[in-house]
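If you want the building blocks of each chain, they are given just below.
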Amino acid sequence: MKLWNHYHTPHSVDEAVAMLTRYAGQAKIVAGGTDLLVDMRAEYHGPHEALVDVTRIPDMAAITRNGDTITLGAGVTHAQIVKSADLRANATCLVEGCGVIGGPQVRNVGTIGGNVAHALPAGDGTTSLVALDAEAELIKDGVRQWLPIRDLFRGAGQSLLDSSRDLLIRFRFQPTTSGQATAFARIMRPQGVALPVLGCAVWVSVADGKFTGARVCVAPSAPIPARAEDVEEVLLGAPANAESIEAAITTAQATLKLRTSKYRATADYRYEMVAVLLRKTLTRAVERAETGAAVPEGVS
């Protein structure tokens, strides 16, 4: 089965965009290919005219730190993220989320940009980027711009980006500082189905024993990755203790709209798992914020 006629490896963003323009919608962006190639085989209607491989573009394959901003190229692999000391210390939820994606082979080639561009509402890397309040740099309709990460989603599997014309370049977010921390956890079906029952990423800020800020993303709880804003409001100003976490759980179970999925679990079970995930992630995040602990190397 021939999947493409031409394969290009540009070495700059401008070169990649020029190739997409040249093919006028008949080419597709590819990075790790762990989603794209599966989809191409499943929906085969003959070979694509061209694939444009962006993994040779330096800006898209680097993790950099500039003052109070961490920048993450869209072509950075999950394995790179897991191995990054800076991310383990200052974007812990992202390390934990990317560390459970697929197996080692998938993490070695799969990219954070692909995780986001595939636009699934339960992407582990995506869930963590939402909790980190990340922004994405992209070229859309020929215009290079930064957008909030959540603006990239139009529905389940529906992206703002047209992978035959647009380019996702990189992400940026603020690292955690003193009194801030993040955490991620998920629950999978034990039968080997590669779909999470639920995933949860949180960011907290703690001072004088109280929550001074919180961001919570429980996914999938909507067609697009979404913040649990009612939960965040309950935590804001509350003591950073078990009682406040239980109050947040009660709010989440009352406000999140979870449905039964034959591929994931029943709605009742998923509501129970909301409690498990929020209790675990918020407790870990508070402990990390108070102690400054990070995920050790090799642990995700």
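Everything here concerns the structure above.
Described below are features of the structure shown in this document. (Residues numbered from 1 in each chain as written. Predicted model: local features only at pLDDT ≥ 70, side-chain atom pairs only at ≥ 80, totals over all residues. Heavy atoms only, no water.)

Quick notes on the packing of helix 10 (residues 242–255) against helix 11 (residues 267–291)
Helix packing for two helices is described by the angle between their axes and how far apart those axes are.
Thought 1: As a packed pair, helix 10 and helix 11 sit with axes 9 Å apart at the nearest point and diverge in direction by 145°. For the pair helix 10 and helix 11, the crossing hand works out as right-handed. Two secondary-structure elements touch here, helix 10 through Ile 245, Glu 246, Ala 248, Ile 249, Ala 252 and Gln 253 and helix 11 through Tyr 271, Glu 272, Val 274, Ala 275, Leu 278, Arg 279, Leu 282 and Thr 283.
Thought 2: For the contact of helix 10 with helix 11, the residue count by class is 9 nonpolar, 2 polar and 3 charged. (Axes fitted to C-alpha atoms, helices over the stretch in contact; angles between N-to-C directions. Helix = DSSP H or I, 4+ residues; strand = E, 2+ residues; numbered from the N terminus. Left-handed = near helix turned anticlockwise from the far one by under 90°. Contact = heavy atoms within 4.5 Å. Nonpolar A, V, L, I, M, F, W, Y, C, P; charged D, E, K, R; others polar.)

Observations concerning the environment of Arg 154
Thought 1: As for its position among the elements, Arg 154 is in strand 8 (residues 153–155).
Thought 2: Separated by 69 residues in sequence, Arg 154 and Pro 223 have C-alpha atoms that sit 8.2 Å apart.
Thought 3: Excluding its chain neighbours within four sequence positions, the residues that come into contact with Arg 154 are Ser 159, Leu 160 and Ile 224.
Thought 4: A polar contact of 3.0 Å, which involves the side chain of Arg 154, links it to the backbone oxygen of Asp 151. (Polar contact = N/O pair within 3.5 Å; in protein donor to acceptor, adjacent residues only side chain to side chain.)

Side note on the sheet that holds strand 10 (residues 167–173)
Thought 1: Read across the open sheet, the 5 strands follow the order 4-5-10-6-7; overall the sheet is antiparallel. Of all the strands in the sheet, just strand 4 (63–66) and strand 7 (143–148) have a single pairing partner and so form its edges. Across the sheet, the mean angle from the axis of one strand to that of its neighbour is 25°, orientation sign disregarded.
Thought 2: Summarising the sheet, strand 5 (residues 69–73) and strand 10 pair through 4 bridges and their orientation is antiparallel. Opposite Thr 71, over in strand 10, you have Arg 172 as the bridge partner.
Thought 3: Sitting on the sheet, helix 1 (residues 13–23) is in contact with strand 6 (135–140), strand 7 and strand 10, with an inclination near 145° to strand 10. (Pairing = 2+ DSSP bridges.)

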